Amino acid sequence: MTEDERSLVQESWEKVRPISSQAAALFYGRLFILAPDLKSLFKGDMTAQGERLMHMIDTAVGGLENLDELVPALEALGERHAGYGVTEADYDTVASALLWTLEQGLGTDFTDEVKTAWVSAYSVLADTMKRAAAAAAA
């Protein structure tokens, strides 16, 4: 991930933060359209789940400046997700839902360059989580 990509992700996230509740609702709505079976992985209050998701993304976006410090939290999250039954393919579905949500939230500010930056960031984060999930399963 380049410095320019990191900046684009962080700058675009600042535009989404004020609408984080709506973004969370959009994300989960889209996720469950793309993969209705994933809904069974979520128990309880989806508003609270959305708040946790937005906090997690906020932390990850802020942590892009120092990925080494973020890695242990990502690994732990990957291990927990594996325990919930999240598969490697589910990460691709989440990526699709996230990118769609960002496009809805950012509108014309969701340029090809911003999309590429988010794909790069998500790949780094998700790959770390997937490696930890695989190691935990082994």
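What you see is a predicted model; the values in this text were computed from it and never measured.

## Comments concerning the overall build of the protein chain
On a plain count of helices and strands, the protein chain comes out with six helices and zero strands. In sequence order, the secondary structure elements of the protein chain are arranged as α-α-α-α-α-α. Its C-alpha atoms give the protein chain a radius of gyration of 14 Å, within 12% of the compact-globule value 14 Å for 138 residues. Based on the C-alpha atoms only, the size of the protein chain along its principal axes is roughly 40 × 30 × 20 Å. With 138 residues in all, the protein chain has 39% of them scored as buried. Counting only contacts in the protein chain whose residues sit at least 6 apart along the sequence, the fraction spanning at least 24 positions is 77%. Here the protein chain displays about 7,800 Å² of accessible surface, and carbon together with sulfur accounts for 53% of that area. A gap of 7 Å separates the mean positions of the 11 positive and 22 negative side-chain charges of the protein chain.

## Some remarks on the side chain of Asp90
The topology assignment puts Asp90 in helix 5 (residues 88-106). For the buried Asp90, which has no salt bridge, the nearest side chain bearing the opposite charge is Lys130, at an N-O separation of 11 Å. At 2.8 Å, the side chain of Asp90 and the backbone nitrogen of Thr87 are in polar contact. Beyond its immediate sequence surroundings of up to four residues, Asp90 is in contact with Leu38 and Gly85.

## Details of the packing of aromatic side chains
For the structure shown, the criterion picks out five aromatic pairs. Summarising the aromatic geometry, the rings of Phe27 and Tyr28 are spaced 5.0 Å apart at their centres and angled 80 degrees between planes, so their arrangement reads as edge-to-face. The class of Phe27 is buried, set by a relative accessible area of 6%. Connected via pairs of aromatic rings, a cluster forms that spans Phe27, Tyr28, Phe32 and Phe42.

## Regarding the packing of helix 2 (residues 20-34) against helix 5
Where helix 2 contacts helix 5, the two axes come as close as 9 Å, and the packing angle between them is 140 degrees. Our classification of the angle between helix 2 and helix 5 gives oblique. Seen along the crossing, helix 2 lies across helix 5 with a hand that is right-handed. Contacts from Ala23, Leu26, Phe27, Arg30, Leu31 and Leu34 in helix 2 reach Thr93, Val94, Ser96, Ala97, Leu98, Trp100, Thr101 and Gln104 in helix 5. A per-class count over the contact of helix 2 with helix 5 returns nine nonpolar, four polar and one charged.

## A few points about helix 3 (residues 46-63)
The first and last C-alpha atoms of helix 3 sit 25 Å apart over 18 residues, in line with the 26 Å expected at 1.5 Å per residue. Taken together, the buried residues of helix 3 touch helix 1 (3-16), helix 2, helix 4 (67-84), helix 5 and helix 6 (112-137). Its side-chain oxygen at 3.0 Å from the backbone nitrogen of Thr47, Asp45 defines the N-terminal cap of helix 3.

## Description of the pattern of salt bridges
In the structure shown here, the tally under the stated rule is six salt bridges. For Arg6, the salt bridge identified is with Glu65, shortest N-O distance 3.4 Å. Placement of Arg6 in helix 1 and of Glu65 in the loop between helix 3 and helix 4 is noted, with a sequence separation of 59 residues between them. For Arg6, a relative accessible area of 13% gives the class buried. Ionic pairing is found between Asp58 and Arg17, a salt bridge with its closest N-O pair at 3.0 Å.

## Notes on helix 4
In a regular helix each residue adds 1.5 Å, so 18 residues correspond to 26 Å; helix 4 covers 25 Å between its end C-alpha atoms and thus fits that length. If you check which residues of helix 4 are buried, you get Leu70, Leu74, Leu77, Gly78 and His81. Buried positions along helix 4 lie against helix 3, helix 5 and helix 6. Directly beyond the C-terminal end of helix 4, a positive phi value near 100 degrees is found at Gly85.

## Remarks on the side chain of Ser12
Tracing the chain through its elements places Ser12 in helix 1. Contacts of Ser12, omitting those with residues within four sequence positions, involve Leu106, Val114 and Trp118.

The rules behind the values
Residues numbered from 1 in each chain as written. Predicted model: local features only at pLDDT ≥ 70, side-chain atom pairs only at ≥ 80, totals over all residues. Heavy atoms only, no water. Helix = DSSP H or I, 4+ residues; strand = E, 2+ residues; numbered from the N terminus. Rg over C-alpha atoms; globule rule 2.2 N^0.38 Å. Buried < 20%, exposed > 50% of the residue type's maximum accessible area, 1.4 Å probe, protein only. Contact = heavy atoms within 4.5 Å. Areas by Shrake-Rupley, 256 points an atom, 1.4 Å probe, with all protein chains shown as cover. Lys, Arg positive; Asp, Glu negative; His and termini not counted. Charge placed at Lys NZ, Arg CZ, Asp CG, Glu CD. Salt bridge = Lys/Arg side-chain N within 4 Å of Asp/Glu carboxyl O. Polar contact = N/O pair within 3.5 Å; in protein donor to acceptor, adjacent residues only side chain to side chain. Phe/Tyr/Trp six-rings, centres within 6.5 Å; stacked < 30°, edge-to-face > 60°. Axes fitted to C-alpha atoms, helices over the stretch in contact; angles between N-to-C directions. Parallel < 35°, antiparallel > 145°, perpendicular 65-115°, else oblique. Left-handed = near helix turned anticlockwise from the far one by under 90°. Nonpolar A, V, L, I, M, F, W, Y, C, P; charged D, E, K, R; others polar. Expected span 1.5 Å × (residues − 1).

Geometric values such as these leave the question of function open.
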